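# Descriptive analysis of the structure
Each chain is listed here by its residues.
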Amino acid sequence: MMIDFKNGVFSKLKQTQTAPDAIQDVLIPGEQIVGSYQAIRDYVVFTDKRIISCNVQGITGKKQDFTSMPYSKITVFSVETAGSLDLDSELELYFSGVGKVHFDFSGKCDIKAIGRYIAQAVL
C-alpha cells in the first residue's frame, strides 16, 4: 500500500544507525543514504536525492511497499522542534500534485539538521 497522501502520517520514528538492507535494492547508482528512521516495522530513509518510505506488510514482512518522494517535488515544508514536555519533533512536507506527508520523530532527533538538508535540496 502506497502512502495515503490524504492522511500521510508516519509516527514515532526513531533514528537508526544503519538502514535496512532491503533499501539497497531501490537506490540508484551513486545515491547516498543520509539518515534512517524506523517505526515498529515501517521505516523512512533520507537520501541525497529523495525520501523513501517503506511499508512492511504481511506476517513475515517479506512484502514491502517503497514510496519514493523526490526533494524536487517538495513545494512547502515545516519543521517543529521538540519542547520541554513534548519531546517529539515533526516534519511536514507538501509535494506538488500529491499533497501532504507528516513525519513524527521521537527520541533524540536533530530535526533542524533534517530541515537544513531539505532546504538545501529544494531551495
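In this report, we go over the structure that sits alongside the text. (Residues numbered from 1 in each chain as written. Predicted model: local features only at pLDDT ≥ 70, side-chain atom pairs only at ≥ 80, totals over all residues. Heavy atoms only, no water.)

### Here's the deal with the pattern of salt bridges
Stated precisely, the cut-off is as follows: A side-chain nitrogen of Lys or Arg and a carboxyl oxygen of Asp or Glu constitute a salt bridge if their distance falls within 4 Å. Here a helix means four or more residues in a row that DSSP labels H or I, a strand means two or more in a row labelled E, and each is numbered from the N terminus. When accessible area is computed with a 1.4 Å probe and restricted to protein chains, residues below 20% of their type maximum are described as buried, those above 50% as exposed, and intermediate ones as partly exposed.
Counted under the stated rule, the structure contains three salt bridges. When the shortest N-O distance is used, the salt bridge between Asp 88 and Lys 12 registers 2.3 Å. A residue pair is termed long-range when its members are at least 10 positions apart, and Asp 88 in the loop between β6 (74–80) and β7 (89–95) and Lys 12 in strand β1 (residues 8–15) qualify at 76 residues. Classification of Asp 88 by relative accessible area gives buried; the value is 17%. Ionic pairing is found between Glu 92 and Lys 100, a salt bridge with its closest N-O pair at 3.9 Å.

### Structural notes on the pairing of strand β3 (residues 43–47)
Let me state the cut-off plainly: Here, strands pair whenever DSSP counts at least two bridges between them.
The buried fraction of β3 amounts to five of the five residues, a majority that puts the element mostly inside the structure. The alternating pattern of β3 places Tyr 43, Val 45 and Thr 47 on one face and Val 44 and Phe 46 on the opposite face, and all of these are buried. Relative to β3, strand β2 (residues 33–38) runs antiparallel, the two sharing five bridges. Among the inter-strand pairings, Gln 38 is bridged to a residue of β3, identified as Tyr 43. As consecutive antiparallel partners, β2 and β3 are separated by four residues. As paired strands, β3 and strand β4 (residues 50–57) are joined by four bridges and run antiparallel to one another. Its bridge partner being in β4, Val 45 is matched across the sheet by Ile 52. Count of turn residues in the β3/β4 antiparallel hairpin: two residues.

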